[in-house]
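Chain by chain, the residues:
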Amino acid sequence: MSDVLRVGLYGLVTALATGLGALPFVRAKGASPRSVALANAVASGLMLGASFELVVEGTSLGGVQTIAGAALGIVFILVTERALARFPLRLGALKGADARRAILVVLVMTAHSFSEGVAVGVAFGGGESLAIPITLAIAVHNVPEGLAISAALKSRGASLLACAGYSVFSSLPQPLMAMPAFAFVHAFAPVLPYGLGFAAGAMVFMVLLELLPEAYEDARRDGVGLLVTLSMFAMILAQRYL
Amino acid sequence: MSLTETVLLYSTLAAATSALGAVPAALVPRLPRAVLGWANAIAAGLMLGAAHVLAVEGVARSPVLGALGAALGAGFVWTAHAVSGHPAGDVPTSREGSLVRASLHSAAEGVAIGAALLVSAPLGLFVAAAIAAHNVPEAMALTESLRKSGVRWRESSMLAVLANASQVVLSIATVLLAARSELSLAVALGVVAGAHVYLVLVDLLPESYEQAGHETIAVVTSVALGGIVLIEATLRAAGR
């Protein structure tokens, strides 16, 4: 098996692991407005925690590039949101504003996987001996990302299978981007801080634009504040150790 | 200049900038709601930026102690809100309520200046400058809310500066207590990052969304946050 194919295969394993993030919702039944709000708070915290790590990595490679990428990420969300608002949307059982928000969450998490995939490929370029530890680490690290997607989708009425499916889908760019990044490490390395910034900017902006305002509508501010802060630092901790 | 003198100077200067927040109130009879929303969103972005910078330092020293500190920080502010009678972070309508809330914010900011200064002198200066910048829009919102409860602008601007006195006290206490080891510093950095994130989520953002709409607030907050991250990354690169 060629090295490039092996990187792709490892990447596929990490994408499949994202689907495990839907597991905590196996027993979740119909969602009250308050549980939707609290699920949004958890998703917000997890996405902020993931962005934190991307920004730390991005700025260590180039501050200006990371922030330029983040600005592009914000523009991407603004444009996509306006474009999506023009069509009558459906996503599984979801319709209207719920479908639009769910699609945006899946989109930003997918965009974030693109840059993670590049990061993985570039990291693998550093040496084969690290391949399996890195794969395992990313697979485990993807589970809370699946959790963020599932929290946002399940609370709006999506099925468990849809949550797992969209979680895996959101991570598919990882193997797809890891392969060319590994093969052409010198070409991809300079783009990496822009990509990391883009993903972080899109995620933070999505949280500020959609998830937090929706959370405040149906839950008390203190509950939202505590859940976001705790899940954000739990995500940072998970990414440092897993 | 000793570390204690430096922190005293930085935190006093940062607290004094609050007086500038009263200037708009002196010029116009009433500030539009959207302007207050912008002010709150700028303050939120700058505070999140400071939290980001401090969390980076905290988790770099010890991820577990940094994250534990963040949980403690959020829990501390939640308790303080509950004790002061505003558990859900509701906007206080009384003069005393507004002042208690403002003092709590500046207490957390005092810990931030102290902890940042313990990391390095440039970081201390940077965080103090970020907090000084954020004190202006914050004091602007506080002055306006005091004015609504019948306080004249001169008195309300003085109260806005006084509410920041806790900043000076807490910054010195942090320098004295957290200087003992890298681990206690990791906890202090985590505490202040968690407290800042929680305060932004409970006080500043919900209020600003009501004042100026989601999209505007998301853009203004992101720009302020990105600005802080960019300046810090540039300073860090220059220091290497």
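Residues numbered from 1 in each chain as written. Chains lettered and ligands numbered in written order. Predicted model: local features only at pLDDT ≥ 70, side-chain atom pairs only at ≥ 80, totals over all residues. Heavy atoms only, no water.

Enquirer: What is the right way to read the overall build of chain A from this model?
Expert: When helices and strands are counted, chain A shows 10 helices and 2 strands. The linear arrangement of helices and strands in chain A, starting from the amino end, is α-α-α-β-β-α-α-α-α-α-α-α. Counting only C-alpha atoms and orienting by the principal axes, one finds that chain A spans roughly 50 × 35 × 35 Å. The proportion of buried residues among the 242 residues of chain A is 59%. Restricting to contacts in chain A with at least 6 residues of sequence separation, those with at least 24 account for 86%. When the accessible area of chain A is evaluated, it comes to approximately 9700 Å², of which 72% is carbon and sulfur surface. Where the 15 positive side-chain charges of chain A centre and where its 13 negative ones centre are 10 Å apart. (Helix = DSSP H or I, 4+ residues; strand = E, 2+ residues; numbered from the N terminus. Buried < 20%, exposed > 50% of the residue type's maximum accessible area, 1.4 Å probe, protein only. Contact = heavy atoms within 4.5 Å. Areas by Shrake-Rupley, 256 points an atom, 1.4 Å probe, with all protein chains shown as cover. Lys, Arg positive; Asp, Glu negative; His and termini not counted. Charge placed at Lys NZ, Arg CZ, Asp CG, Glu CD.)

Enquirer: I tried to follow the packing of helix H3 (residues 63-85) of chain A against helix H10 (residues 214-239) of chain B on my own but got confused; where do I start?
Expert: When two helices pack together, their arrangement is captured by the angle between the axes and the distance separating the axes. At a minimum axis distance of 9 Å, the contact between H3(A) and H10(B) shows a crossing angle of 170°. With respect to each other, H3(A) and H10(B) are oriented roughly antiparallel. Every pair of crossing elements has a handedness; the one defined by H3(A) and H10(B) is right-handed. For the pair formed by H3(A) and H10(B), the contact residues are A:Gly63, A:Val64, A:Ile67, A:Ile74, A:Leu78, A:Glu81 and A:Arg82 on the first element and B:Glu215, B:Val219, B:Ser222, B:Gly226, B:Val229, B:Leu230 and B:Ala233 on the second. Class assignment for the residues of the contact of H3(A) with H10(B) results in 8 nonpolar, 3 polar and 3 charged. (Axes fitted to C-alpha atoms, helices over the stretch in contact; angles between N-to-C directions. Parallel < 35°, antiparallel > 145°, perpendicular 65-115°, else oblique. Left-handed = near helix turned anticlockwise from the far one by under 90°. Nonpolar A, V, L, I, M, F, W, Y, C, P; charged D, E, K, R; others polar.)

Enquirer: Sorry if this is basic, but what is going on with helix H2 (residues 33-61) of chain A here?
Expert: Count 3.6 residues to each turn of an α-helix, and residues three or four apart come out pointing the same way. An ideal rise of 1.5 Å per residue puts 42 Å on 29 residues; H2(A) measures up with 42 Å between its terminal C-alpha atoms. Most of H2(A) sits out of view: 21 of its 29 residues are buried. (Expected span 1.5 Å × (residues − 1).)

Enquirer: Explain the packing of aromatic side chains here, please?
Expert: Remark: the centre distance and the inter-plane angle together describe each pair of aromatic rings, the angle taken between the planes. All names here are of chain A. Evaluated as defined, the whole model comprises 2 aromatic pairs over all chains. Note on Phe-76 and Phe-198: the rings are 5.4 Å apart at their centroids and 50° apart in plane angle, and the pair reads as tilted. Of this pair, Phe-76 sits in helix H3 while Phe-198 is found in helix H9 (residues 192-218), placing the two residues 122 residues apart along the sequence. Residue classification places Phe-76 among the partly exposed residues on the basis of a relative accessible area of 27%. (Phe/Tyr/Trp six-rings, centres within 6.5 Å; stacked < 30°, edge-to-face > 60°.)

Enquirer: Help me understand a nonpolar patch on the surface, please; the structure alone is not making it clear to me.
Expert: Residues and elements named next belong to chain A. On the surface, a cluster of nonpolar side chains totalling about 550 Å² of accessible area is made up of Leu-9, Leu-12, Leu-16, Phe-169, Leu-172 and Leu-176. Take the nonpolar patch: its biggest share by element is 3 residues, from helix H1 (residues 3-18). One can find Leu-12 in helix H1. (Patch = residues over 30% accessible without salt bridge, like charges linked within 9 Å, V, L, I, M, F, W, Y side chains within 5 Å. Salt bridge = Lys/Arg side-chain N within 4 Å of Asp/Glu carboxyl O.)

Enquirer: Looking at this structure, how should I read the confidence of the model for chain B?
Expert: The predicted structure's coordinates, where accompanied by low pLDDT, should not be read in detail. Across chain B, the average pLDDT comes to 86, with 96% of residues at 70 or higher. Among the scores for the predicted complex, ipTM is 0.87 and pTM is 0.85. (pLDDT = per-residue confidence, 0-100.)

Enquirer: Would you mind showing me how to read the interface of chain B and chain A here?
Expert: Quite often, the size of an interface is put as the accessible area lost when its parts meet. On the chain A side, the residues contacting the 42 residues of chain B number 33 residues. Of the roughly 3100 Å² buried between chain B and chain A, counting both surfaces, carbon and sulfur atoms make up 75%. On the chain B side of the interface with chain A, the three residues burying the most area are B:Leu201, B:Tyr209 and B:Glu215, jointly 17% of the side's total. Notably, a salt bridge pairs B:Glu215 with A:Arg82, separated by 2.8 Å at the nearest N-O pair. The tally of links from chain B across to chain A stands at 6 residue pairs in polar contact (both at pLDDT 80 or more). Looking at the side of chain B that touches chain A, the elements with two or more residues in it are helix H3 (33-61), helix H4 (63-83), helix H9 (182-212) and H10 of chain B. Residue composition of the side of chain B that touches chain A, by class: 28 nonpolar, 7 polar and 7 charged. (Buried area = accessible area lost by both parts, 1.4 Å probe. Polar contact = N/O pair within 3.5 Å; in protein donor to acceptor, adjacent residues only side chain to side chain.)

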